[in-house]
Every structure is written in C-alpha cells, then in structure tokens.
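Fold and geometry: a report
Here is how the chains run, residue by residue.
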There are 2 protein chains.
Amino acid sequence: MTIRKIAITDVALERSPGQDGDVFAGNAVDQRHGGPITIGYGRYAPNQDLVETIAVDDVMVVLQGRLSVSTEAETVTAGPSEIVYMPKGESVTIHSHEEGAITAFVTYPHWQEAEAEH
Amino acid sequence: MTIRKIAITDVALERSPGQDGDVFAGNAVDQRHGGPITIGYGRYAPNQDLVETIAVDDVMVVLQGRLSVSTEAETVTAGPSEIVYMPKGESVTIHSHEEGAITAFVTYPHWQEAEAEH
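Report follows, based on the coordinates. (Residues numbered from 1 in each chain as written. Chains lettered and ligands numbered in written order. Predicted model: local features only at pLDDT ≥ 70, side-chain atom pairs only at ≥ 80, totals over all residues. Heavy atoms only, no water.)

Section: the interface of chain A and chain B
Cut-off, in case you're wondering: The contact rule is simple, with two residues in contact once any of their heavy atoms fall within 4.5 Å. When two parts are brought into contact, each loses some accessible area as probed by a 1.4 Å sphere; the total of that loss over both is the buried area. What counts as a salt bridge is simple: a side-chain nitrogen of Lys or Arg found within 4 Å of a carboxyl oxygen of Asp or Glu.
Each partner contributes to the interface: chain A provides 35 residues, whereas chain B provides 35 residues. Of the roughly 3200 Å² buried where chain A meets chain B, counting both sides, 69% is carbon and sulfur surface. In terms of surface lost to chain B, no three residues of chain A exceed Ile3(A), Ile83(A) and Tyr85(A), which account for 25% of the buried area on that side. Here Lys5(A) and Glu82(B) are joined by a salt bridge, their closest N and O atoms 3.4 Å apart.

So this is what it looks like as structure tokens:
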C-alpha cells in the first residue's frame, strides 16, 4: 500500500452499529487494506448520545462542532482541533452539543473486527 | 489509562529529529503511557520540506494550512480536515505550502521507539 489522501467525501457514512441515534461513521482505510489501523470520519447530528464500550484504542479528532465524552469517572469536552483519546475497554457516552460535530478517527486495531468478535 | 482530552497547547513542540527545517512535533500520548499508539501535533513553517522514511504507520490530519506528500510514485496534497495516510516503509517528502500547516498525528506503533532502533 502506498500513501493515500483521504477526505470526508471518500467515505460512505452509515449509522453506527447497534445505535438508533443520528450518529454516522465511515471507514476510508480498514481491514480490507492490509494495514494495522482503521481511519475514518464521523458525523454527529445535534444533541445525540452514543453509548458504547470501546473495543479498540480509539482516537477522535474533532474537526467541527463540539463533543463531550463521559465515563463514570469524568467528562471531557473537545472542540475544533482537539482530540479525545479513548483507550480500549473504556465505557463511554459520546454526546454532541447543539452544533453537532464532524470527527476524524483512527483505531488500533480495526474496530469493525473487534466488534464482530462480541 | 482513562479517556483523555488533548489540545495542541498540551504538547511541547520540538524540532523533528535529524531535521534542520522549521518543522516541529510534540507527543501528547506515547510509549510513556502504556498504550499501543502515539498521538501528537505537528507545526510546519511556510515552505518547509521534511524528508523521511516512515518507520511506523503514520496518519496525519491537517488542521490548518496545506501539505503535499510526495513519494517516487506520486504527490498528494491535503488541506484542512483532510488526512494523509503514510504506511510503514514509505519514503516521503512532506512539503508545507506558503501558509504553513498544523497537523494532528497518530502512529502505530510508537514512532520514537521505531526511530531509536535505527
């Protein structure tokens, strides 16, 4: 595999698995490409909540809008150019604020393979 | 390790190892923290060139400005909210355009450990 430029228009945004909120994600690079990591984009409508246990190490870069990520212990809030790192095994609620949010994400290993093992 | 919010003000930007250009990088999360990935920010002054062989899988999210990444085979150019994925083993030149650039990056495994093995 060679270098690759990725834009949000390269991904097919689909509703997050097992969720009924307006939260969408799409992979640009993943297990289909032979490398160790998944790269994609996410889109959150305003005031959505995504509840999940993180099956992989997950890095979320906020490109637009604002998100809060809560665990039992704490809540962090990130806006444009800020990052939330969610280590494997954390149970989180990701909440989008009134302006919604666009994110880029990187996971190690591939999140779709990890979820399929459940 | 629990969830962590990261901003560019959290990192100490230092000149890239072995480089004399005005290209700076700082890790927020790396081998010190016990996880598998490094997360950081980069800052490129205008019209700089960074030449290197990528020792790890490296994902660069452009937050501000514009960068071109060239291999022998091709050149890709990325602006705000776009990503360049550089798989391990690629030899690249990263060129900043006249407005410079700010990036977020994620590497698997840790780039500092991989470079230390050279």
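Anyway, onward from the coordinates.
Observations regarding the relation of the copies chain A and chain B
Rule in force here: All copies are superposed by least squares; the fitting set is the C-alpha atoms of residues with a pLDDT of at least 70 in both.
Superposing chain A onto chain B takes a rotation of 180 degrees combined with a translation of 0.0 Å along the rotation axis, leaving an RMSD of 0.0 Å. Expressed as an axis order, the relation between the two copies is that of a two-fold axis.

Observations concerning the pairing of strand β6 (residues 57-70) of chain B
When a strand is regular, its side chains alternate between the sheet's two faces. All names here are of chain B. Definition in use: Buried, partly exposed and exposed residues are distinguished by accessible area as a fraction of the type maximum, computed with a 1.4 Å probe on protein chains only: under 20%, between the cut-offs, and over 50%, respectively. Secondary structure counts use DSSP, requiring at least four H or I residues in a row for a helix and at least two E residues in a row for a strand, with both numbered from the N terminus. Strand pairing is assigned whenever DSSP detects at least two bridges linking the two strands.
Counting buried positions over the 14 residues of β6 gives 11, a clear majority of the element. In this sheet, strand β9 (residues 91-108) lies alongside β6 in antiparallel orientation, the contact comprising 12 bridges. Residue pairing across strands places Val59 opposite Val106, the latter belonging to β9. Examined bridge by bridge, β6 and strand β7 (residues 75-78) share four bridges and lie antiparallel to one another. Bridge pairing in β7 places Ser70 opposite Thr75.

Things to note about unusual backbone geometry
The omega torsion across Tyr108(A) and Pro109(A) is -10 degrees, close enough to zero to call that bond cis. Examined against the element boundaries, Pro109(A) turns out to sit in the loop between β9 (91-108) and α1 (111-116). Although it is not a glycine, Ser81(A) adopts a positive phi angle of roughly 75 degrees. Note on Ser81(A): relative accessible area 24%, which makes it partly exposed. Phi is positive for Asn47(B), close to 55 degrees, though the residue is something other than glycine. For Asn47(B), the position within the fold is in the loop between β4 (38-44) and β5 (49-53).

Considering the environment of Ile102(A)
All names here are of chain A. Of note, Ile102 is situated in strand β9. Spatially, the C-alpha atoms of Ile102 and Gly79 are 10.0 Å apart, while their sequence positions differ by 23 residues. With sequence-adjacent residues up to four places away left out, Ile102 is seen in contact with Ile8, Gly42, Arg43, Val61, Val62, Leu63 and Gln64.

What about the environment of Glu99(A)?
Residues and elements named next belong to chain A. Within the fold, Glu99 resides in strand β9. The exposure class assigned to Glu99 is partly exposed, which follows from its relative accessible area of 46%. In this structure the C-alpha to C-alpha distance between Glu99 and Ala45, which are 54 residues apart in sequence, comes to 7.7 Å. Ignoring sequence-local partners within four residues, the contact set of Glu99 consists of Gly65 and Arg66.

A closer look at the side chain of Ser96(B)
Residues and elements named next belong to chain B. We apply this condition: A 3.5 Å cut-off defines polar contacts: any pair of N or O atoms within that distance qualifies, except that in protein one atom must be a possible hydrogen donor and the other a possible acceptor, and neighbouring residues in sequence count only when both atoms are side-chain atoms.
Tracing the chain through its elements places Ser96 in strand β9. On the accessibility criterion, Ser96 (0% relative accessible area) is buried. A distance of 2.6 Å separates a polar side-chain atom of Ser96 from the backbone oxygen of Ala45. A distance of 2.8 Å separates a polar atom in the side chain of Ser96 from the backbone nitrogen of Gln48. If sequence neighbours within four positions are ignored, Ser96 has contacts with Tyr44, Ala45, Pro46, Asn47, Gln48, Arg66 and Leu67.

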